[in-house]
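# Chain and residue survey
So the chains spell out like this:
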Amino acid sequence: MPPIPRDPSPDSTLALLSEGYRFIGNRCRRFGSDLFETRLMLRRAVCISGAEAARLFYEPGRFTRRGAMPRPTLALLQHKGSVQTKDGEAHRHRKRLFLSLMTPEARSRLCDLFEEEWRARIPAWMGLESVVLKEEAPVILCRAVCRWAGVPLEPGEAEQRAAEFVAMVEGAGSVGPASLRGLLLRRRTQGWVRRLVERTRQGIVAAEEGGALHAVACHREPDGELMDTDTAATELINVLRPTVAVWIYILFVAMALHEHPEVRPSLVGGDDADYEPFVQEVRRFYPFFPMIGGRVMQPFEWRGHRFAAGDWVLLDIYGTNHDPRVWSDPEVFRPARFQERATADSDLVPQGAGDHRAGHRCPGEWITIDLMTRAARLLTTAMAYEVPPQTLTLDLSTLPAQPPSGFVLGNVRMAEVARHAPRRAAGAS
């Protein structure tokens, strides 16, 4: 069997840090192959890209997430004992807990709370010379998801908890001080949520039935026992943190509305179905996760390469979403593409592929789409604003990639003038 292409560098960790989201795609194009071998952190890795690779990667029973992420990243984004570290029936049983929270009614209620919190901030924004969306969106999301989950917050606590969740997400894609800060704040968050679970089980906190706090505190493992307190805290954080992380997509929604004003007329006055192509194109076009790792569970062959049990494999998420074999003119922002073609599960993979119930696809994907849709509606119909000169160019070597300015809004006004597109101030780039 001929060997697959191999990155000649003794170790490509520095290249990964400098190239970021484009690391795998750059080499796939260079080698003319959808897979290649490299070394990262002195460990052998096989990188794969494309829709067929995504179908392979998310086939149930093919890969495990155990041992597939660096320990700091695991500690920040999942933690030991979480749903993503389990496989087979144990994974499916735990995932049913999350799926039970994702009913259409529950998602609609979360979006309504998000809109309520957003609208409550508009009067304050009107009194400010400028508003940094990166500073505002995580706090709004934190307030909304905690109310939705039944998590009590003290006055002013939403800002603290939002900062902790942001630090976890930003630390997971960094090394050095950002990663250390994220880990320290994760420990503080874990303690807070652990105490909350304990007090709920003791009846001190009255958690509303059907909310995430109640569901996690009362969830029983396959053996009939309650989850241990630390694992329950981890899983509640795995509801709260990813919801707050939608702040990144909200920034991208604002960027897309600013950089592509031609899409706005088709959105204003429309329903959610009119927003869907726009939201899906934001998810495809802008960078969220660069890649995801897995460990081979059973040997198999693909594209002439034999994968052995335990092999470390990295799927190129960003490159798959920009694959010219699937997406015509992939570097062009064009929402109409989602009206022109049916999209397979393995074509659009910003939050994974495959089946939500049987595989490792993110169960919060529906909430992400719903919140992005609601944010787009609020930005186009609930308020008007200007976009002052600022730097919006994304650095794809930074994980997660975000506009350096945090996306600044100016001259925020109420809905009665919001039918007009925001004026584009000269110099914004």
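Summarised in this report is the structure supplied together with it.

Turning to unusual backbone geometry, a few remarks are in order. Following Leu399, the chain continues to Pro400 via a peptide bond in cis, the omega torsion being -5 degrees. Mapping Pro400 onto the fold places it in the loop between β9 (384-386) and β10 (408-413). A positive phi is found at Arg303, a non-glycine position, where the angle reads about 55 degrees. For Arg303, the position within the fold is in the loop between β6 (300-302) and β7 (305-307).

Another aspect to go through is the pairing of strand β5 (residues 291-296). By the criterion of burial, β5 is predominantly enclosed, with 5 of the 6 residues buried. Note: β5 against strand β8 (residues 312-316), 5 bridges, orientation antiparallel. By the bridge assignment for β8, Ile292 is matched with Leu315.

Let us look at the environment of Pro177. In this fold, Pro177 is placed in helix α9 (residues 177-201). When the C-alpha positions of Pro177 and Arg241 are compared, they lie 20 Å apart, and in sequence the two are 64 residues distant.

With mixed pairing, the 5 strands of this open sheet are ordered in space as β1-β2-β8-β5-β3. Each having just a single partner strand, β1 (35-40) and β3 (63-64) make up the two edges of the open sheet. Examined bridge by bridge, strand β2 (residues 43-49) and β8 share 4 bridges and lie parallel to one another. Across the sheet, residue Ser49 finds its bridge partner in β8, namely Asp316. Across the face of the sheet, helix α2 (residues 23-31) comes into contact with β1, β2, β5 and β8 while running at roughly 130 degrees to β1.

Interhelical geometry of helix α7 (residues 133-149) versus helix α8 (residues 157-172) gives an angle of 110 degrees and a closest axis separation of 9 Å. By the angle between their axes, α7 is roughly perpendicular relative to α8. The hand of the α7/α8 crossing is right-handed. On the side of α7, the interface is formed by Lys134, Pro138, Val139, Cys142 and Arg143, while α8 contributes Ala158, Glu159, Arg161, Ala162, Phe165, Val166 and Glu170. Its residues assigned to classes, the contact of α7 with α8 shows 7 nonpolar, no polar and 5 charged.

Between side chains of opposite charge, a pair can form as their charged atoms come close. Overall, the coordinates contain 30 salt bridges when judged by the stated rule. The partner of Arg194 in a salt bridge is Asp230, and the shortest N-O contact between them spans 2.9 Å. On the criterion of sequence distance, the pair formed by Arg194 in helix α9 and Asp230 in helix α11 (residues 229-244) is long-range, its members being 36 residues apart. Between Arg283 and Glu365 there is a salt bridge, with its nearest N and O atoms 2.6 Å apart. Taken together, the positions of Arg283 in helix α14 (residues 272-285) and Glu365 in helix α17 (residues 365-382) put the pair 82 residues apart, joining distant regions of the chain. An identical accessibility class is assigned to Arg283 and Glu365; each is buried. One salt-bridge network, held together by shared partners, links Asp34, Glu52, Arg303, Asp323 and Arg325.

Rules used throughout
- Residues numbered from 1 in each chain as written.
- Predicted model: local features only at pLDDT ≥ 70, side-chain atom pairs only at ≥ 80, totals over all residues.
- Heavy atoms only, no water.
- Helix = DSSP H or I, 4+ residues; strand = E, 2+ residues; numbered from the N terminus.
- Buried < 20%, exposed > 50% of the residue type's maximum accessible area, 1.4 Å probe, protein only.
- Pairing = 2+ DSSP bridges.
- Contact = heavy atoms within 4.5 Å.
- Axes fitted to C-alpha atoms, helices over the stretch in contact; angles between N-to-C directions.
- Parallel < 35°, antiparallel > 145°, perpendicular 65-115°, else oblique.
- Left-handed = near helix turned anticlockwise from the far one by under 90°.
- Nonpolar A, V, L, I, M, F, W, Y, C, P; charged D, E, K, R; others polar.
- Salt bridge = Lys/Arg side-chain N within 4 Å of Asp/Glu carboxyl O.

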